[in-house]
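Examination of the molecular architecture
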Amino acid sequence: MRIYHSKRFLQQYLNKVKQGKKVGFVPTMGALHEGHLSLVTNAKKSCNILVVSVFVNPTQFDRKEDLDLYPKTLDRDLDLLKRENCDVVFIPSVKEMYNKNIVAQDFDFDGLDKVMEGAHRKGHFAGVGTIVKRLFQIVQPDEAFFGEKDFQQLQIIKKMVDKEKMNIKVVGNPIHREKDGLAMSSRNMRLTKGQREAAPFIYKTLQKAKDYFTIHEIIETEKFVIEQYKDHPSLKLEYFTIADEKTLTKDASKKSGVSYRGFIAVFAGDIRLIDNIELG
Ligand code: PAF
């Protein structure tokens, strides 16, 4: 497994070995878990050369303490990637990706970034778009893999690739869950024992919402979920929204032919957890 810190050397290497081979790319912020590894496995199945990046991107964090406390487990990440037969790991510094100008570019994502995560984390998707675009320009992958836990991010990256006319297939992978249903996330590492025990409640409420939605309207289902968190001792609901999975817009009432998804963000102390569920 080759490790690069410099974009120039990475590009030189990829240009040398590419020669008609298919390059797969999994961008990450490290602190890898089974969800990331399933992206790696999928990418390995359909591509000849696999590149994984590990970079905690400062411009996508709206809270400094969230950036500072983001888990960092590089040695373990590298062991896991070696075990998965990853070919290349790219670990740039902030200077390598941003030089001295640590700011995000402006994008027009046709409104996909104005709701849910975008509405609650100002500038988040501009930061994500900026770094993913730069990484795509450096790695020039044929296929790039993202988890559906960040479903809104996945739609936004597809939109960016489309608008920037990048010749990259963006592949979404289903959410990986712990046995008790908690969506895998690097942030789970920061949960205290008590918070970890409480956190599976998030997926339980999503499953209940899915059942409820079969015979209730959008607004009723949203109210139903909000109610579940009203007196919760350790989880604080930030939002639960039901939206059209393609446009991420909200309908006043159910429309036939539209696939709906429920999106949730919950705080356990200062740790923000997100999840989503297909509602049909
Ligand atoms: O999903 C993530 O881990 C990050 O948002 C990404 C796509 C690696 C960009 O920093």
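As a starting point, this report considers the structure included with it. Keep in mind it's a predicted model, so treat the numbers as computed, not measured.

If you look at the biggest cluster of nonpolar residues, it comprises 42 residues, and the most contacted ones within it are Leu10, Met97, Val132, Phe136, Phe146 and Ile157. The greatest single-element share of this core, amounting to 8 residues, is contributed by helix α7 (residues 124-139). In this view, phenylalanine 136 contacts Phe25, Pro141, Ala144, Phe146, Ile157, Met160, Val161, Met166 and Ile168; residues no more than four positions away in its chain are not counted. Membership of the second largest hydrophobic core comes to 25 residues, among which are Ala198, Tyr229, Val258 and Ile264.

Our next topic: the site of the ligand. Inspection of the region around the ligand gives Pro27, Thr28, Met29, Asn57, Gln60, Ile131, Phe146 and Gln153 as its neighbouring residues. In this structure, glutamine 60 approaches the ligand through a side-chain N or O atom, which is 2.6 Å from an oxygen atom. Within the contact set of the ligand, an oxygen atom lies 2.7 Å away from a side-chain nitrogen or oxygen of glutamine 153. Surface burial for the ligand is 89%, taken as the share of its 290 Å² of free accessible area covered by protein chains.

For the rest of this paragraph, the subject is the packing of helix α1 (residues 7-18) against α7. Angle between the axes and distance between the axes are the two parameters that describe a pair of packed helices. Look at α1 against α7: their axes get within 9 Å of each other, and the N-to-C directions meet at 45°. As the angle between them shows, α1 and α7 are arranged oblique. Contacts between α1 and α7 pair Lys7, Leu10, Gln11 and Leu14 from the former with Gln137, Ile138 and Val139 from the latter. Split into classes, the residues belonging to the contact of α1 with α7 amount to 4 nonpolar, 2 polar and 1 charged.

Turning to helix α10 (residues 201-215), a few remarks are in order. Along its 15 residues, α10 runs 22 Å from first to last C-alpha, staying within 8% of the 21 Å computed at 1.5 Å per residue. Listed in full, the buried residues belonging to α10 are Ile202, Tyr203, Thr205, Leu206, Ala209 and Phe213. Axial view of α10: buried residues confined to an arc of 155°, hence all on one face. Along α10, exposed side chains directed more than 90 degrees from the buried face belong to Asp211, Thr214 and Ile215. If you follow the buried residues of α10, they end up packed against α11 (218-229), β7 (235-244), β8 (260-268) and β9 (271-278).

Here the focus is the sheet that holds strand β3 (residues 49-54). Whenever strands of a sheet pair, they do so through backbone hydrogen bonds, lying parallel or antiparallel. One open sheet holds the 6 strands; their spatial order is β1-β4-β3-β2-β5-β6, and the pairing between them is parallel. Across the chains shown, the open sheet's two edge strands, defined by having one partner strand only, are β1 (2-4) and β6 (169-173). Across this sheet, the average inter-strand angle for adjacent strands is 25°, counted without regard to direction. Relative to strand β4 (residues 88-90), β1 runs parallel, the two sharing 3 bridges. If you follow arginine 2 over to β4, its bridge partner there is valine 88. Across the sheet, helix α4 (residues 74-83) touches β1, β3 and β4, and the angle it forms with β3 is around 170°.

What follows deals with the sheet that holds β8. Strand order across the open sheet formed by 3 strands is β7-β8-β9, with antiparallel pairing between neighbours. Both outer strands of the open sheet, β7 and β9, are each paired with one neighbouring strand and no more. Strand-to-strand twist of the sheet, defined as the mean angle between neighbouring strand axes without regard to direction, takes the value 15°. Pairing analysis gives 8 bridges linking β8 to β9, with the strands arranged antiparallel. Paired with isoleucine 264 across the two strands is aspartate 275, which belongs to β9.

Rules behind the numbers
- Every residue gets a number counted from 1 within its own chain, in the order that chain's sequence is written.
- pLDDT decides what is reported in this predicted model: residues at 70 or higher carry local features, side-chain atom pairs at 80 or more are listed and counted, and totals for whole chains, interfaces and linings draw on all residues regardless.
- Values shown for side chains rest on all heavy atoms present in the structure; no hydrogens or waters enter the calculation.
- We call a set of buried residues a nonpolar core when its members are Ala, Val, Leu, Ile, Met, Phe, Trp, Tyr or Cys and they connect through side-chain atoms within 4.5 Å of each other.
- Think of it in three bands: with a 1.4 Å probe and only protein chains considered, a residue is buried below 20% of the maximum accessible area for its type, exposed above 50%, and partly exposed in between.
- Numbering of helices and strands runs from the N terminus; a helix is a DSSP stretch of H or I covering at least four residues, while a strand is a stretch of E covering at least two.
- Between two residues, a contact is recorded if the distance between any of their heavy atoms is within 4.5 Å.
- Any residue with at least one heavy atom within 4 Å of a molecule or strand is counted as near it.
- Polar contact criterion, stated in full: a pair of N or O atoms within 3.5 Å, where within protein one must be able to donate a hydrogen and the other to accept it, and residues adjacent in sequence count only if both atoms are side-chain atoms.
- Areas reported as accessible are Shrake-Rupley estimates using a 1.4 Å probe. Residue values count occlusion only from the protein chains shown.
- Note on definitions: angles span 0 to 180 degrees between N-to-C directions of axes, and those axes are lines fitted to C-alpha atoms, for helices only across the stretch in contact.
- In these notes the angle categories are as follows: under 35 degrees is roughly parallel, over 145 is roughly antiparallel, 65 to 115 is roughly perpendicular, and the rest is oblique.
- Gly falls in the polar group here, along with every residue not listed as nonpolar (Ala, Val, Leu, Ile, Met, Phe, Trp, Tyr, Cys, Pro) or charged (Asp, Glu, Lys, Arg).
- For a helix, the expected span equals 1.5 Å multiplied by the residue count minus one.
- As used here, the arc is the angular range of directions from the helix axis to the C-beta atoms.
- Note on pairing: two strands pair once DSSP finds at least 2 bridges between them.

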